[in-house]
Amino acid sequence: MKILVLNCGSSSVKYQIFDMQDERVLAKGLVERIGIPGSVLTHRPAGGDKLVREEEIADHKEAIRLCLEALTDPHYGVIKDYSEIGAVGHRIVHGGTFPHSVLVDASTKEAIGELEALAPLHNGAALRGIEACEAILPHTPQVTAFDTAFHQGMPDYAYTYSLPYELCQKHLIRRYGAHGTSHQYVALRAAALVGRPLEELKVITCHLGNGSSITAIKNARSYDTSMGFTPLAGLTMGSRCGDIDPAIVPFLMDKEGYTPAEMDQLMNRHSGVLGVSGVSSDFRDIEAAMAEGNDRARLAWDIFVHTAKKYIGAYVAILNGVDVLVFTAGLGENSVAAREAICQDMDYLGIGIDREKNQVRGREQEITSPGARVRTFVIPTNEELMIARDTLAIVQAQAR
Ligand code: ADP
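The structure contained in this document is the topic of the report that follows. Just so you know, these numbers come straight off a predicted model, no measurement behind them.

## Describing the overall build of the protein
(1) Moving on: Counting its regular elements, the protein contains 14 helices and 14 strands.
(2) Moving on: Here the protein has a C-alpha radius of gyration of 22 Å; the compact-globule value for 400 residues is 21 Å, and the two agree.
(3) Moving on: For the protein, the residues scored as buried account for 49% of the 400 residues in total.
(4) Moving on: On the protein, roughly 18,600 Å² of surface is accessible, and the fraction owed to carbon and sulfur atoms is 51%.

And the structure:
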């Protein structure tokens, strides 16, 4: 079966089409600047020429129609007609309390719509994507995969905030976490690499990118994760502050006269390594500035490494040990220096990485040093494949 995976953002649509016989990507692409001047589609068939189409793209329906046109194009296409698409899998950022992927029906759409309050930019766009597919591919089943679903395995004491209970219930305030599909994918892959079922392993997965989160995994489910009610919590990130004393928020609003929206912007867009260094939110720029002796870049880097170490240590404690440690996403897959700094002086926990093996960028490799108890891996994430697998499983179960 061929499965189309869609990731609809507020002004973009990313897509990949898989042949699930061998999980091969047939083509992938991106529509950018939907509804704003300068819209463009970039389509890349595997092993073929790239297609770029620049034209006005008013909404998600038009964007998805263009993707489908590219997929069926006589020269750049990879399928003959739309009927070859067996199912569509949608990435949904906020799935509330959905514990796994589900088939789209009226109740799923209603639930995603209700969650728009928690993820206004993302869930609305995903809904528009689902409705566009219903209009263009009326006979093709659709599945939604939620970034939050994997974390629904957390126990109540890991997801409940110590605020007035009724207030949290009223406003659906709890830890939801994020990057769940990525954490699950790399954990499953790591289990395959060590040759044991994930159910038997204690795993800590570090998804380190522009947005970063670390997850403790037990019994093949998320046991705790560093992101919270929103993706602002946890580690210091590119431009997000991560964990801070919550009292700083009303203090700064009072002193500087910030509105809630301004405070939100400050913590999401002007903080993190960007805010501390004054250099950049991109870790490559931070590494370069550090090499030139920029002390604030050094400070930002050290804060990041320190918080990552703290989460790993905390998660070893709550898991009562760790068998496997995984690094993934932009920084986790590519930054030799970040992995080396985070894993330094962790021998008490049985963590140690090999300098030579750690020289890896963007590909799968075990980096464990000889004698270290914890198996450490670099594993490129593949959220789209995870979504395609879930979509296939649900559609096949439905057909039975
Ligand atoms: P997002 O959260 O936007 O999906 P990514 O997972 O793409 O982010 O990660 C982006 C981050 O990864 C950037 O901060 C970038 O600096 C970092 N990164 C990418 N490649 C490298 C590299 N070769 N060395 C160091 N950092 C890298």
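Now, onward.
## What about the environment of Ile-79?
(1) Moving on: With respect to the element layout, Ile-79 can be found in the loop between α1 (60–71) and β6 (85–92).
(2) Moving on: Take Ile-79: its relative accessible area is 5%, and that puts it in the buried class.

## Looking at the site of the ligand
(1) Moving on: Looking at the ligand, there are 13 residues lining it, with Asn-210, Gly-211, Asp-282, Phe-283 and Gly-330 nearest.
(2) Moving on: A distance of 2.9 Å is found between an oxygen atom of the ligand and a backbone nitrogen or oxygen belonging to Gly-330.
(3) Moving on: A distance of 3.2 Å separates an oxygen atom of the ligand from a polar backbone atom of Leu-331.
(4) Moving on: When the ligand is considered free in solution it has 580 Å² of accessible area, and contact with the protein chains removes 69% of it.
(5) Moving on: Going through the elements one at a time, α10 (283–291) and α12 (329–334) are the ones with two or more residues in the shell around the ligand.
(6) Moving on: With four residues, the top contributor of residues to the shell around the ligand is α12.
(7) Moving on: Residue composition of the shell around the ligand, grouped by class: three nonpolar, seven polar and three charged.

## Quick look at the pairing of strand β8 (residues 142–146)
(1) Moving on: Along β8, five of the five residues are buried, which leaves the element largely enclosed by surrounding structure.
(2) Moving on: Where β6 lies against β8, five bridges are found, and the strand directions are parallel. Bridged to Gly-89 within β8 is Val-143.
(3) Moving on: Here strand β7 (residues 102–103) runs beside β8; their pairing, made up of two bridges, is antiparallel. If you follow Val-102 over to β8, its bridge partner there is Thr-144.

## Here we look at helix α3 (residues 120–136)
(1) Moving on: Taking 1.5 Å of rise per residue, 17 residues should cover 24 Å, and α3 covers 25 Å from first to last C-alpha, within 8% of that figure.
(2) Moving on: Turning to α3, its buried residues are Asn-123, Gly-124, Ala-125, Ala-126, Leu-127, Gly-129, Ile-130, Ala-132, Cys-133 and Ile-136.
(3) Moving on: Check the buried side of α3 and you find it contacts β1 (2–8), α1, β6, α2 (106–114) and β8.

## Structural notes on the sheet that holds β7
(1) Moving on: Reading across from one edge, β5-β4-β3-β2-β1-β6-β8-β7 is the order of the eight strands in this open sheet, with mixed pairing throughout. Of all strands in the sheet, those with a lone pairing partner are β5 (51–54) and β7, marking the two edges.
(2) Moving on: Each of β1, β6 and β8 is contacted by α3, which is oriented at about 165° to β6, the strand it contacts most.

## Examining the packing of aromatic side chains
(1) Moving on: Under the defined criterion, the tally for this structure stands at six aromatic pairs.
(2) Moving on: Where Tyr-157 meets Tyr-223, the ring centres are 6.5 Å apart and the plane angle is 80°; that geometry is what we call edge-to-face. Pair noted here: Tyr-157 is in helix α4 (residues 156–159) and Tyr-223 is in strand β11 (residues 221–225), with a separation of 66 residues, a long-range link.
(3) Moving on: We classify Tyr-157 as exposed; its relative accessible area is 61%.
(4) Moving on: In this structure, Lys-218 is placed above the aromatic ring of Tyr-223, and the distance from its NZ or CZ to the ring centre is 4.2 Å.

## Let's talk about helix α11 (residues 295–319)
Residues spaced three or four apart along an α-helix face the same direction, because each turn holds 3.6 residues.
(1) Moving on: Between its first and last C-alpha atoms α11 spans 36 Å; for 25 residues at 1.5 Å apiece the expected length is 36 Å, and the two agree.
(2) Moving on: Restricting attention to buried positions, one finds in α11 the residues Ala-297, Ala-300, Trp-301, Phe-304, Val-305, Thr-307, Ala-308, Tyr-311, Ile-312, Tyr-315, Val-316 and Leu-319.
(3) Moving on: Looking at where α11 begins, the residue whose side-chain oxygen comes 3.0 Å from the main-chain nitrogen of Arg-296 is Asn-294.
(4) Moving on: Remark: Asn-320 follows α11 within two positions and exhibits a positive phi of approximately 55°.

## Quick notes on the sheet that holds strand β10 (residues 212–218)
(1) Moving on: Pairing is mixed across the open sheet formed by six strands, whose spatial order is β11-β10-β9-β12-β14-β13. Sheet topology places β11 and β13 (365–366) at the edges, where each strand pairs with a single neighbour.
(2) Moving on: Relative to strand β12 (residues 324–328), strand β9 (residues 203–208) runs parallel, the two sharing five bridges. Residue pairing in the sheet places Ile-204 in a bridge with Leu-325 of β12.
(3) Moving on: Here helix α13 (residues 336–343) sits on the sheet and contacts β9, β12 and β14 (375–378); the angle it forms with β12, its principal contact strand, is near 150°.

## Quick look at the packing of α10 against α11
(1) Moving on: Here α10 crosses α11 at 125°, and the two axes come no closer than 8 Å. Considered as vectors, α10 and α11 are oriented oblique to each other. Like other packed secondary-structure pairs, α10 and α11 cross with a definite hand, here left-handed. Listed contacts from α11 to Phe-283, Ile-286, Glu-287, Ala-289 and Met-290 of α10 are Ala-297, Arg-298, Trp-301 and Phe-304.
(2) Moving on: Class assignment for the residues of the contact of α10 with α11 results in seven nonpolar, no polar and two charged.

Cut-offs and rules
Residues numbered from 1 in each chain as written. Predicted model: local features only at pLDDT ≥ 70, side-chain atom pairs only at ≥ 80, totals over all residues. Heavy atoms only, no water. Helix = DSSP H or I, 4+ residues; strand = E, 2+ residues; numbered from the N terminus. Rg over C-alpha atoms; globule rule 2.2 N^0.38 Å. Buried < 20%, exposed > 50% of the residue type's maximum accessible area, 1.4 Å probe, protein only. Areas by Shrake-Rupley, 256 points an atom, 1.4 Å probe, with all protein chains shown as cover. Near = heavy atom within 4 Å. Polar contact = N/O pair within 3.5 Å; in protein donor to acceptor, adjacent residues only side chain to side chain. Nonpolar A, V, L, I, M, F, W, Y, C, P; charged D, E, K, R; others polar. Pairing = 2+ DSSP bridges. Expected span 1.5 Å × (residues − 1). Contact = heavy atoms within 4.5 Å. Axes fitted to C-alpha atoms, helices over the stretch in contact; angles between N-to-C directions. Phe/Tyr/Trp six-rings, centres within 6.5 Å; stacked < 30°, edge-to-face > 60°. Lys NZ or Arg CZ within 6 Å of the ring centre and 35° of its normal. Parallel < 35°, antiparallel > 145°, perpendicular 65-115°, else oblique. Left-handed = near helix turned anticlockwise from the far one by under 90°.

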